[in-house]
Each structure stands twice: as C-alpha cells, then as structure tokens.
Amino acid sequence: MEWILSVIEAYSLTFIFVSLLMNLFLIILLVINYSITSNLNDKYRRLTRGSSGKNIEGILMDHIEKLEGTEDKFKDLHQKIGILENRMSFSIQNVGIIRYNAFNDVGSDLSYSIALLDDNYNGLILTGIHGRVETVSYAKPIVDGKSNYNLSVEELQALERARSNALERVEFKVSRSKKA
C-alpha cells in the first residue's frame with residue numbers, strides 16, 4: 001500500500017494533468033454528442049409534425065398508405081391517358097386547306113378543298129366549287145390516305161398538306177420527348 005501512495009505522490013502532477021486532458025476530451029465528446037442529438041431531435045420533430053402524438057411506426061405506416069394510394073391513382077391516370085390517346089387517334093387532327101379560283105371568269109379564290117384526317121389518315125375531303133351562277137359541294141371519303149374517288153389537283157394538294165401537318169406534329173413530339 002505504501003508503494004501505491006509513493007507512486008501517487010511522485011506522479012501527482014502528471015495524474016492531475018492527465019485527468020484534466022481526459023476531462024477536456026470528455027467535454028468535447030459531450031458537445032459533439034449534443035449536436036448530433038439535437039440534429040436527430042429536429043429531424044424527428046419534422047417527421048412527427050402534425051401527428052398528434054403517434055409513434056414513429058404509426059407515422060411511417062400512414063406515409064406508406066398514402067404512397068400506395070398515390071401509386072393506384074397514377075395507374076388510374078395512366079389508364080385514362082391511354083383511353084384518351086386512343087380516342088384522339090380517331091379525331092380530326094390533320095387539316096389541309098387549299099383556296100383556288102375554279103373558273104377563269106370568276107374573280108376571286110372562292111373555291112376550296114379541305115382535307116380533314118385523323119392520325120391514321122382516315123377522314124374526308126370537302127370541296128366547294130363556286131361559280132358565277134351556282135355553288136357545288138362535294139365530300140369524298142379518305143381511307144389510309146387514299147380515296148376510291150378521283151381527286152382533283154387541288155384536293156390532292158389539300159390531302160398532301162394534311163399529311164405534312166401530321167408529319168410535322170410527329171417530328172415535334174419526337175423532338176420534345178428527346179428533350180424530356
């Protein structure tokens with residue numbers, strides 16, 4: 001026992017210095033621990049905000065249910081978008097118009113040919129020929145971009161304009177999808 005007391009007496013200053021360094025080290029660890037705990041506490045408060053005292057498991061379960069509900073809504077929306085895209089393919093989307101003077105003795109471009117096509121190039125061409133005495137209108141069906149009836153030059157031009165409008169729209173869609 002005397003030996004221990006003599007060692008303590010001889011190295012008392014060293015023991016005091018080492019214990020002071022250890023205390024400083026523990027204070028630094030305490031500050032680090034406090035900052036980490038404070039950050040976790042802030043995150044926990046944000047996570048549990050508006051939860052009225054629920055535990056973390058209940059909050060996570062609520063979030064999972066909301067997420068699953070959102071997935072179901074997205075599936076429903078994608079299905080509706082598919083239906084709308086299908087319907088749109090059968091609506092008139094491509095229009096080509098040509099105005100012209102059908103007769104030399106009539107003074108202005110009162111005659112016209114209008115091609116109205118869907119995405120599959122099905123539709124019709126309306127032609128109105130205006131003369132001095134009478135006006136005549138024709139409607140010719142178009143299937144796959146062609147007609148079973150003979151088409152005039154102006155009707156062919158209107159059909160070509162409608163087709164080129166469709167190609168411009170497709171190119172625009174492709175370029176837009178590449179950017180996204």
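Residues numbered from 1 in each chain as written. Predicted model: local features only at pLDDT ≥ 70, side-chain atom pairs only at ≥ 80, totals over all residues. Heavy atoms only, no water.

(A) Just the overall build of the protein, in detail. Along the backbone of the protein there are four helices and four strands. Moving toward the C terminus, one meets the helices and strands of the protein in the order α-α-α-β-β-β-β-α. In the protein, which comprises 180 residues, the share counted as buried stands at 16%. Accessible surface for the protein amounts to roughly 14600 Å². Of this, 62% is attributable to carbon and sulfur atoms. (Helix = DSSP H or I, 4+ residues; strand = E, 2+ residues; numbered from the N terminus. Buried < 20%, exposed > 50% of the residue type's maximum accessible area, 1.4 Å probe, protein only. Areas by Shrake-Rupley, 256 points an atom, 1.4 Å probe, with all protein chains shown as cover.)

(B) The sheet that holds strand β2 (residues 111-117), seen in detail. Strand order in this open sheet of four strands is β1-β2-β3-β4, and the pairing throughout is antiparallel. Because the sheet does not close on itself, it has two edges, and the strands there are β1 (94-100) and β4 (135-142). Between one strand and the next, the sheet's axes are offset by a mean angle of 10 degrees, whatever the strand orientation. (Pairing = 2+ DSSP bridges. Axes fitted to C-alpha atoms, helices over the stretch in contact; angles between N-to-C directions.)

(C) Examining the nonpolar core more closely. With ten residues, the main nonpolar core is built from Ile 98, Tyr 100, Ala 115, Leu 117, Ile 125, Ile 142, Leu 151, Ala 158, Leu 159 and Ala 162. For this core, the secondary structure elements donating two or more residues are β1, β2 and α4 (153-179). (Core = buried A, V, L, I, M, F, W, Y, C linked by side-chain atoms within 4.5 Å.)

(D) View of the pairing of β1. Side chains Asn 94, Gly 96, Ile 98 and Tyr 100 of β1 all project onto a buried face; the interleaved residues Val 95, Ile 97 and Arg 99 project onto a face where none is buried. Of the strand pairs in this sheet, β1 and β2 are connected by seven bridges, and their pairing is antiparallel. By the bridge assignment for β2, Val 95 is matched with Leu 116.

(E) Structural context of a nonpolar patch on the surface. A cluster of nonpolar side chains, contributed by Phe 17, Val 18, Leu 20, Leu 21, Met 22, Leu 24, Ile 27 and Val 31, occupies part of the molecular surface with about 780 Å² of accessible area. Mapping Phe 17 onto the fold places it in helix α2 (residues 12-48). (Patch = residues over 30% accessible without salt bridge, like charges linked within 9 Å, V, L, I, M, F, W, Y side chains within 5 Å. Salt bridge = Lys/Arg side-chain N within 4 Å of Asp/Glu carboxyl O.)

(F) Looking closely at the confidence of the model for the protein. When pLDDT is averaged along the protein, the result is 86; 88% of the residues meet or exceed 70. Within the protein, the element-level pLDDT minimum falls on α4, averaging 76, and the maximum on β2, averaging 95. (pLDDT = per-residue confidence, 0-100.)

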